[in-house]
Amino acid sequence: MVTIKSKREIALMQEACKVVALTYQKLEKEINAGMTTWELDKIAENTMKQLGAIPAQKGYNPGIKGVPQFPASICVSINDEVIHGIPSKHRIIKEGDIVSIDTVALKDGFNGDAARTFVIGKVPKETQRLVDVTKQAFYEGIKYAKPGYRIGDISHAIGEYVHSQGFSVVQEFQGHGIGKEMHEDPGIPNSGKAGRGLRLEPGMTLAVEPMVIQGKSNILELDDGWTIITEDGSLAAHYENTILITEKEPKILTIL
Ligand code: MG
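Overview of the structure.

Another point: the side chain of Glu 9. Within the secondary structure layout, Glu 9 lies in helix α1 (residues 7–30). Residue Glu 9 is classed as buried on the basis of its relative accessible area, which comes to 17%. Once residues lying within four places of it in the same chain are set aside, the contact partners of Glu 9 are Ile 4, Phe 110 and Lys 180.

This is the structure:
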């Protein structure tokens, strides 16, 4: 179901999204080579709790047979891992890694969702370009996140831009509506036909999230039931914000 948020609900969404923004500020300051992904998880969890929120991914059950509950407060996916990586005490971040973090804060009944890819130290130019293109793909998409356009216009803009830069988008996972539920309708694919899909209306809150692969778009799932990796071993990046559709330009809620 697609939900149109009331003024009150939008105010609550803004609060949840602010927690996510502050959590990323903290993570950006702290993330470094030599840390474990477990430590990042604890930083995020503690930050959210201090701000009166709950890490919504912890214990998340997708309701798919055979898929275990997600055990942590962030997804952390390094290099050829695309999304849904599980934090671990044994996984140490290294110089030259790209680290994608995706996290959701639940506060007063509403969710805020964002993802960032952090570059650790020096990386090749082409790696930095992947990270930059992924972020820019979000901005290309939300040029169409306003009344008068449809979901397909966002998808089309993301896909066209990423492909024009020589990279691939993940087909199997997509952005989504968000509110009381972490995942609400509509789905927002990262490629598609312009002029198709749901018409955008003020009061919709959407998580737009390009997942971009340097090589081919094919992905695999690891035996942990969560981690998604690129099939060809090439690098992947992720960038996401929760946005609000208004009468005019969209408002990005997970950036302060
Ligand atoms: Mg997310």
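Take Asp 223: it is sitting in the loop between β11 (219–221) and β12 (228–230). Expressed as a C-alpha distance, the spacing of Asp 223 and Gly 187, which sit 36 residues apart in the sequence, is 26 Å.

Our next topic: the nonpolar core. Grouped together as the largest cluster of nonpolar side chains are 26 residues, with contacts concentrated most on Ile 154, Leu 206, Val 208 and Ile 243. If you list the elements that add at least two residues to this core, you get α3 (125–142), α4 (151–164) and β9 (205–208). If we ignore the near neighbours within four places in the chain, the residues touching Ile 154 are Gly 141, Tyr 144, Ala 145, Ile 188, Leu 200, Leu 206 and Val 208. One finds Ile 43, Met 48, Ile 78 and Phe 118 within the second-largest nonpolar core, a separate group that totals 21 residues.

Moving on, we come to unusual backbone geometry. Between Asp 185 and Pro 186 the backbone carries a cis peptide bond, its omega angle lying at 0°. Mapped onto the secondary structure, Pro 186 falls in strand β8 (residues 184–188). Phi is positive for Asn 79, close to 55°, though the residue is something other than glycine. Note on placement: Asn 79 falls in the loop between β2 (74–78) and β3 (81–83). Even without being glycine, His 84 reaches a positive phi, approximately 65°. Summarising the element assignment, His 84 is placed in the loop between β3 and β4 (98–107).

Per the counting criterion, the structure on display carries 12 salt bridges. We note a salt bridge from Lys 49 to Glu 45, for which the minimum N-O separation is 2.7 Å. Of the two residues, Lys 49 and Glu 45 are both situated in helix α2 (residues 37–50); the distance of 4 residues between them amounts to about one turn of the helix. Residue classification places Lys 49 among the partly exposed positions, given a relative accessible area of 49%. Glu 45 sits in the buried class, given a relative accessible area of 6%. Between Glu 140 and Lys 143 there is a salt bridge, and its shortest N-O distance comes to 3.0 Å. Overall, the relative accessible area of 17% leaves Glu 140 in the buried class.

This part takes up the environment of Ile 86. By secondary structure assignment, the location of Ile 86 is in the loop between β3 and β4. When the C-alpha positions of Ile 86 and Trp 38 are compared, they lie 8.6 Å apart, and in sequence the two are 48 residues distant.

Thresholds, definitions, all that
- Residues numbered from 1 in each chain as written.
- Predicted model: local features only at pLDDT ≥ 70, side-chain atom pairs only at ≥ 80, totals over all residues.
- Heavy atoms only, no water.
- Helix = DSSP H or I, 4+ residues; strand = E, 2+ residues; numbered from the N terminus.
- Buried < 20%, exposed > 50% of the residue type's maximum accessible area, 1.4 Å probe, protein only.
- Contact = heavy atoms within 4.5 Å.
- Core = buried A, V, L, I, M, F, W, Y, C linked by side-chain atoms within 4.5 Å.
- Salt bridge = Lys/Arg side-chain N within 4 Å of Asp/Glu carboxyl O.

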